Amino acid sequence: MRSLNPRQVEAFRAVVLTGGVGMAAKLINVTQPAVSRMIRDLQQQLGLTLFERRGTGLVPTSEALSLYAEVERAFVGLDRISQMATELRTRRAGFLRIAALPALANGFLPRFAGQFLTERPKLDLVLSGLVSHAVLAAVAQGQCDLGFAEASMEHAAVQTERMPAAPYMAVLPQAHRLARKKRLRPADFEGESFISLGHSSVSRFRIDRVFAEHGVRRVMRIETPLSEIACSLAGSGAGVTLCDPFTATEYATRGIVVRPFEPRVDFEFAALYAAQRTPPPVAREFIDSFRAHIATFLRRLPRR
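Structure report, in brief. (Residues numbered from 1 in each chain as written. Predicted model: local features only at pLDDT ≥ 70, side-chain atom pairs only at ≥ 80, totals over all residues. Heavy atoms only, no water.)

**A few points about the packing of aromatic side chains**
Quick note on the threshold: Side-chain rings of Phe, Tyr and Trp, where Trp is taken by its six-membered ring, are said to pair if the distance between their centres is within 6.5 Å; with planes under 30 degrees apart they count as stacked, over 60 as edge-to-face, and otherwise as tilted. Runs of H or I in DSSP of at least four residues are treated as helices and runs of E of at least two as strands, each being numbered from the N terminus. Think of it in three bands: residues with accessible area under 20% of the maximum for their type are buried, residues over 50% are exposed, and the middle band is partly exposed, with areas taken using a 1.4 Å probe on protein chains only. For a Lys NZ or an Arg CZ to count as sitting over a ring, it must be within 6 Å of the ring centre and within 35 degrees of the ring normal.
This structure, assessed with the given rule, holds 21 aromatic pairs. Judged by centre distance (4.9 Å) and plane angle (70°), the rings of Phe 116 and Phe 286 are edge-to-face. A residue pair is termed long-range when its members are at least 10 positions apart, and Phe 116 in helix H6 (residues 108–118) and Phe 286 in helix H11 (residues 281–299) qualify at 170 residues. Pairing Phe 189 with Phe 194 gives two aromatic rings, centres 6.1 Å apart and planes at 75°, and the pair type is edge-to-face. A relative accessible area of 0% means that Phe 189 is categorised as buried. Judged by relative accessible area, Phe 194 falls into the buried class, the value being 3%. Chaining the aromatic ring pairs together yields one cluster made of Phe 108, Phe 112, Phe 116, Phe 148, Tyr 168, Phe 246, Phe 267, Phe 269, Phe 286, Phe 290 and Phe 297. Above the face of the Phe 194 ring, Arg 218 is positioned so that its terminal group lies 4.5 Å from the ring centre.

**Focus on unusual backbone geometry**
A cis geometry characterises the amide bond from Glu 262 onward to Pro 263, with omega recorded as 0°. Locating Pro 263 in the fold gives a position in the loop between strand S12 (256–260) and strand S13 (266–267). Even without a glycine there, the phi angle at Asn 29 is positive, about 60°. Within the element layout of this structure, Asn 29 appears in the loop between helix H2 (21–28) and helix H3 (32–46).

**Considering the sheet that holds strand S11 (residues 241–243)**
The cut-off we apply is this: Two strands are counted as paired when DSSP detects at least two bridges linking them. Fitted lines through C-alpha atoms give the axes, limited to the stretch in contact for helices. The angle between two N-to-C directions lies from 0 to 180 degrees.
Pairing is antiparallel in the open sheet, where three strands are placed in the order S11-S8-S12. For this open sheet the edge positions go to S11 and S12, each flanked by a neighbour on one side alone. Each neighbouring strand pair of the sheet contributes to a mean axis angle of 35°, computed without reference to strand direction. Strand direction decides the pairing type here: strand S8 (residues 169–173) and S11, joined by three bridges, are antiparallel.

**Quick notes on the pairing of S8**
S8 sits mainly inside the fold: five of its five residues count as buried. Bridge count between S8 and S12: five bridges; the pairing is antiparallel. Bridging from a neighbouring strand, Pro 173 pairs with Ile 256 of S12.

**Points about helix H1 (residues 6–18)**
One turn of the α-helix equals 3.6 residues, which is why residues spaced by three or four share an orientation. The criterion, for reference: Multiply 1.5 Å by the residue count of a helix minus one, and that product is the helix's expected span. Here a polar contact means two N or O atoms within 3.5 Å. Within protein one must be a hydrogen donor candidate and the other an acceptor candidate, and residues neighboring in sequence count only if both atoms are side-chain atoms.
Given a rise of 1.5 Å per residue, 13 residues ought to cover 18 Å, and the 18 Å separating the end C-alpha atoms of H1 matches this to within 8%. Every buried residue of H1 is accounted for by Gln 8, Val 9, Ala 11, Phe 12, Arg 13, Ala 14, Val 15 and Val 16. The backbone nitrogen of Arg 7 has a side-chain oxygen 2.8 Å away, supplied by the residue at the start of H1, namely Asn 5. Downstream of H1 by one or two residues, Gly 19 has phi in the positive range, about 80°.

If you want it as structure tokens, here you go:
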């Protein structure tokens, strides 16, 4: 038996659904003689009687009903494919895998991602918190579609787009003597127990350089690779630190005081995606929307 003609199958489905040639013709936008011809040809090809005439209508035979069950499953599948294509085209569906460094993943990025998903109820998301070099590796190896890592991260297989730079903030225990000040400078940290970021961080180098340029000697008691640990330690009274504003804001109600720091030291990070292929449209929209969200957040930071 030769392959079935899709239009004949469509006509068959339309007649079953509507109970007559006239309504079926309107449903699939063809003439009545065309529907009659397609049904006749389909019956001849299959060697089956599909309809019996009763009055002015057509009643499907038991064979037709069995065939219709298979046809309907196929049409539902095709309708679902079409619906999914529409959802993908309008960026309301799909699957997005994101990895981000802890400074963003500990609160700021998940809240934004939650809002992003609310507007796209068919979008599935995997969101992971990783240190920057692990984010870079995940993007390079195709384990995620989009990453956010320190801007210094580079890889031949990864394209980077810088996001808005964010100023490091001074983070102090609530009862600390420096909490009375509205703005802090390097000289204020002379002799203070200082909580440093790990040596592998570019930001650590920038922070140390500022204090060195101002001749300020800190008591380097504690080191940690994670900004949230630094904030928690400051909240316990263990020392003071400089921290990215995303984490500092996240921990602002946990026993710390956050103050602007001068001169400005920037926390620089970037969006990462595979260099050899265009990011999915929904990833492109995520990057652009997140950039705007960051810019709004930074405008609201205390300046003095």
